[in-house]
Amino acid sequence: MNNILKKFPEGFLWGGSTAANQLEGGYNEGGKGLSIADVLTAGTNTTPRRITPVLEDGTYYPNHEAIDFYHRYKEDIKLFAEMGFKTFRMSIAWSRIFPNGDDEKPNEEGLKFYDDVFAELKKYNIEPLVTISHYETPFNLAKKYNGWADRRLVDFYVKYCEVIFNRYKNVVKYWLTFNEINALTMPFGTFMAGAIMPDEDGEISNNIKDNEQLRYQALHHQFIASAKAVKLGHDINKDFKIGCMIAYMCSYPLTCNPEDVLLAQQKDNLNNFLCSDVQVRGAYPGFAKRYFAEKNINIVMEENDEQILKEGCVDFYTFSYYMSNCVSADPNQEEIGGNLVMGLKNPYLKSSDWGWQIDPKGLRWALNNIYNRYQIPVMVVENGLGAVDVIEEDGSINDDYRIDYLREHIKQMKEAIADGVDLIGYTPWGCIDLVSASTGEMKKRYGFIYVDKDNEGNGTLNRLKKKSFYWYKKVIETNGEDLV
Ligand code: BG6
């Protein structure tokens, strides 16, 4: 009993993670329609991004060109292969396949683009991990139907799934139905995740005039869409592995006051476990029903909905993890920012330049918390440090801060494996610099590969290997043994 095995298993899926809207560009090429990401202006850490329902002359839209993966995917995939990627997480831009979302027929040119991308990955034996919807619903569905608030989106989504499942059934095995589906448990997710149109000022943040009824109804529609997609996917190819994707929000009680402890558990339930209980176990948990009753939220369901949820349980659990926060029952505590959610400062942790508290041990905690509950394979599909990088005179980029961040998180994944967690893969976020989702900035960089482009859209788009590129290559080569 003395041997504690702290090793990554054989065949562990090392790789990197991206999303079409933050990466591809070519926003109006190849028959692509506008997505909700294409109408978002640039913001900063303090100025929220805005939605402009009509594209404005003279306004900069960072996702339009993004980092031009649309034209440079061969070069980029070659670099991923050089690092030794076993898997590459990417999303399919829904509006490349169905430009308006409700079109009769899919757009062949869009489908062809992903044929080419998957062929290129195959060349290097890189397994694609595909997010079907990553904050990029066709904008027409937002305008015409008010996004996921309308049940008709379920059918549009399932039709889109049917097309891509059939088209790529021999080249893609791993699928995720919705990126960070639990973003809809927070006001911030209203537009980004729910494609529900915002107020006139177009601001997206947690400060918008919130409509919880609409948000949870939209979330219910996504649950139904996800469950139907899982069932359909398994019918099309029984070997498909289809997962959920949760933004895991690690909330610690600020003190040992039982009020704080209870509040932390309630947040964990509502913000993290509500969605995965539905997607993994196939039914709404009791605490959700209580919350809806107390808040007078009335989820309109169709007769078969409970059955649909039961029949569409996912095969594996994936999540993003960047940081942790504290919560307190005392309303006078001062809040700080974070990924999707605000929280309280933890005196034991340091923060990134964007105020996200760095907490590697929180990842071990999260992995145990998740696995104890579900006991299905788990994958960390987003993790990383958004930071400003500096190019030295000799052209090198010494991003030791990023290496430190990743190293400490990988160490904690190893601990979690030793705790018994069935962890199958790790795809750090933004393996190549891309447009930030929350702020639209380029200078908030996560990549192993630097992309020469600034916040205003200037730059050559040339790719440069950072110090972390060589470091991560070695990590993969040694299956996580050499972390120095
Ligand atoms: C996750 C999203 O919430 O965080 C990504 O799935 C996003 O799309 C990532 O880019 C990092 O957040 P940000 O705001 O720094 O880009």
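First, a word on scope: everything that follows refers to the structure included in this document. (Residues numbered from 1 in each chain as written. Predicted model: local features only at pLDDT ≥ 70, side-chain atom pairs only at ≥ 80, totals over all residues. Heavy atoms only, no water.)

## Examining the site of the ligand
Near the ligand you find 14 residues, and of these E180, A437, S438, K444 and Y446 are the closest. Here N179 contributes a side-chain N or O atom positioned 3.0 Å from an oxygen atom of the ligand. At 2.7 Å from an oxygen atom of the ligand is found a side-chain nitrogen or oxygen belonging to K444. When the free accessible area of the ligand is taken as 380 Å², the share hidden by the protein chains comes to 99%. Its residues assigned to classes, the shell around the ligand shows 5 nonpolar, 6 polar and 3 charged. (Near = heavy atom within 4 Å. Polar contact = N/O pair within 3.5 Å; in protein donor to acceptor, adjacent residues only side chain to side chain. Areas by Shrake-Rupley, 256 points an atom, 1.4 Å probe, with all protein chains shown as cover. Nonpolar A, V, L, I, M, F, W, Y, C, P; charged D, E, K, R; others polar.)

## Topic: the environment of G110
Along the chain, G110 falls in helix α4 (residues 108-123). For G110, a relative accessible area of 1% puts it in the buried group. Sequence-wise, G110 and K169 are 59 residues apart; in three dimensions their C-alpha atoms are separated by 16 Å. (Helix = DSSP H or I, 4+ residues; strand = E, 2+ residues; numbered from the N terminus. Buried < 20%, exposed > 50% of the residue type's maximum accessible area, 1.4 Å probe, protein only.)

## Section: the pattern of salt bridges
One pass over the full model with this rule turns up 39 salt bridges. Between K414 and E481 there is a salt bridge, with the nearest N and O atoms lying 3.8 Å from each other. Here E481 lies in the segment after α14 (467-477) and K414 lies in helix α13 (residues 400-418), a separation of 67 residues in the sequence. Each of D389, D399, R402, D433, R445 and K466 takes part in one network of salt bridges that share partners. (Salt bridge = Lys/Arg side-chain N within 4 Å of Asp/Glu carboxyl O.)

## Describing the packing of aromatic side chains
Enumeration according to the criterion identifies 41 aromatic pairs in this entry. Between F80 and F85, the aromatic rings sit 5.1 Å apart at their centres with planes inclined by 5 degrees, giving stacked as the arrangement. Residue placement shows R373 over the ring face of F273; its charged tip is 4.0 Å from the ring centre. Its guanidinium or amino end placed over the ring of W356, K444 lies 3.7 Å from that ring's centre, counting from NZ or CZ. (Phe/Tyr/Trp six-rings, centres within 6.5 Å; stacked < 30°, edge-to-face > 60°. Lys NZ or Arg CZ within 6 Å of the ring centre and 35° of its normal.)

## Brief notes about helix α10 (residues 286-294)
Among the residues of α10, A288, Y291 and F292 are the ones counted as buried. End-on view of α10: buried residues confined to an arc of 95 degrees, all on one side of the axis. Counted as exposed and oriented over 90 degrees from the buried face of α10: G286, K289, R290, A293 and E294. On its buried face, α10 is in contact with α8 (212-236) and α9 (258-281). (Arc of directions from axis to C-beta. Contact = heavy atoms within 4.5 Å.)

## Notes on the sheet that holds strand β2 (residues 87-91)
Strand pairing in a sheet takes place through backbone hydrogen bonds and is either antiparallel or parallel in direction. Overall, parallel pairing links the 8 strands, which are arranged β1-β2-β3-β4-β5-β7-β11-β12 in a closed barrel. Each strand of the sheet is rotated relative to its neighbour by a mean of 30 degrees, with strand direction disregarded. In this structure, strand β4 (residues 174-176) lies alongside strand β5 (residues 241-247), joined through 3 bridges in parallel fashion. The residue bridging L176 from the neighbouring strand is G243, located in β5. Here helix α12 (residues 360-374) sits on the sheet in contact with β7 (316-320), β11 (378-382) and β12 (423-426), set at roughly 155 degrees to β7. Against the sheet, α13 contacts β1 (13-17), β11 and β12, and its axis sits at roughly 170 degrees relative to β12. (Pairing = 2+ DSSP bridges. Axes fitted to C-alpha atoms, helices over the stretch in contact; angles between N-to-C directions.)

## Details of helix α2 (residues 69-83)
End to end, α2 covers just 18 Å across 15 residues, shorter than the expected 21 Å (1.5 Å per residue, more than 12% under). Regarding α2, the residues found buried are F69, Y70, Y73, D76, I77, L79, F80 and M83. Looking one or two residues past α2, G84 carries a phi angle of roughly 95 degrees, positive in sign. (Expected span 1.5 Å × (residues − 1).)

In short, the description is geometric, and any link to function would need to be established separately.
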